[in-house]
Amino acid sequence: MKIAEYHSPVLFEESLRALLWNPNGVYADCTLGGGGHSEGILKRLEPAGHLHSFDRDPEAIAYARKRLAPFADRVTFHPVPFGRLADEVCANSLSGVLYDLGISSHQVDDDSRGFTFQGTNPVDLRMDSRAAFSAQDWMRTNSLDEMARAFKENADLDRAYKLSQNVQNVVSALSTPILPEHLKLAAEKTYPDRIRDINSILARIFQAIRMEVNGELDEIRTSMRAAVEALVKGGRLVVISYHSVEDRTVKLVCAEFEKNCICPPQSPVCLCGGNHQKLKKVFRKPILPTGEEIAKNPRARSAKLRVYEKV
């Protein structure tokens, strides 16, 4: 596997500038992928600095071990979901935590992984190929209501219940694995008036199913809450998201820690004593990729970078 097969990280310089305020600190890259961000962090750290890199994908871990071999004494690999951050690092120990959310471009580009709606292999969508539960299982075992909820909440798809009915109708007639073409058929039946946009709709269908199969929103919530506890005072929480559902989740979790008062909204006076704020925004608005970056990498067009500091 060549390094070129992994795409360059989005908002690379912007994220590292925001993250690395202490070159002798201990950091966590919660989304290792091809190791681009991790390599950039390690190159900028002083010899006393250290990095914890997380990824549930064994292919990513194996690849990154080779890429980061020159820094072997300063990086610890964690081949687990980043939702287990609290089990892997100590509280008040990290100078910064980085998340580059969503799916790796390499996973999409490798048709054998079953991540792309343009592929010919069975739909899989497991970030950890060793996991027992795949997209095949999810589509064959979920109720119409649960499927519709996922399409609505994870991808903001309208006609979610009708889409779920069509997916189940197509799937129930199959005695063979579910292929991307089968989901395309269900999408075309649901949105006959939007055939020109069918690829965009399919991308969102795959996104919704992938997020359920991997429990992504729960992982984000669990991990980010743990990250706040793991950060030292002044530590940075840096998050890159790619669609509204991820970004909304990031904002809601961080908003929990931006509040000074945690009393119920209906409480007429503060009873908690205040002084509960743990995070503050470093930038009022998210940092967006430049036109130059988008021209080089169209996948960057929807990226948003949010930066918080522990207080």
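Heads up: the structure comes first, above all this text.
Model, not experiment: these values are computed from the prediction. The residue numbers shown here count from 1 along each chain, following its written sequence. In view of the model being predicted, local features appear only for residues whose pLDDT reaches at least 70, and side-chain atom pairs are presented and counted only at 80 or more, with totals across whole chains, interfaces and linings using the full set of residues. Values reported for side chains reflect all heavy atoms of the structure, with hydrogen atoms and water molecules removed beforehand.

Caption draft 1: Focus on unusual backbone geometry. Positive phi, close to 50 degrees, is recorded for Asp 156, a residue that is not glycine. A helix here means a DSSP run of H or I that spans at least four residues, while a strand means a run of E at least two residues long, and both kinds are numbered starting from the N terminus. Mapped onto the elements, Asp 156 comes out in the loop between α7 (144–155) and α8 (160–172).

Caption draft 2: Representation of the sheet that holds strand β7 (residues 304–310). In this description, strands pair whenever DSSP reports at least two bridges between them. With mixed pairing, seven strands are arranged side by side in an open sheet as β3-β2-β1-β4-β5-β7-β6. If you trace the sheet from one side to the other, it starts and ends with β3 (75–78) and β6 (279–281), each paired once. With strand direction ignored, the average angle separating the axes of adjacent strands in the sheet is 20 degrees. The pairing of β6 with β7 spans three bridges and is antiparallel. In the sheet register, Lys 281 faces β7, and the bridge partner there is Tyr 308. Whether two residues are in contact is decided by their heavy atoms, any of which lying within 4.5 Å being enough. Axis lines are fitted to C-alpha atoms, over the contacting stretch for helices. Their N-to-C directions set the angle, which ranges from 0 to 180 degrees. Strand contacts of helix α1 (residues 12–19): β1 (26–29), β4 (94–100), β5 (231–241) and β7, with the helix running at about 165 degrees to β5, the strand carrying the most contacts. Set on the sheet, helix α12 (residues 244–258) makes contact with β5, β6 and β7; between it and β7 the angle comes to about 15 degrees.

Caption draft 3: Expanded view of the packing of aromatic side chains. Centre distance within 6.5 Å is the pairing criterion for rings of Phe, Tyr and Trp, where only the six-membered ring of Trp is used; planes under 30 degrees apart are then read as stacked, over 60 as edge-to-face, and the remainder as tilted. Tallied over the entire structure, the rule returns two aromatic pairs. For the ring pair Phe 82 and Tyr 99, a centre distance of 5.3 Å and an interplane angle of 85 degrees mean the geometry is edge-to-face. Note that Phe 82 is positioned in the loop between β3 and α4 (85–88) and Tyr 99 in strand β4, a separation of 17 residues in sequence. Just as Phe 82 is buried, Tyr 99 falls in that class too. Here Trp 138 and Phe 151 contribute two aromatic rings whose centre-to-centre distance is 6.2 Å and whose plane-to-plane angle is 75 degrees, an arrangement assigned as edge-to-face. On the criterion of sequence distance, the pair formed by Trp 138 in helix α6 (residues 135–141) and Phe 151 in helix α7 is long-range, its members being 13 residues apart. Note on exposure labels: buried denotes an accessible area under 20% of the residue type's maximum, exposed denotes more than 50%, and partly exposed covers the range between, all computed with a 1.4 Å probe on protein chains only.

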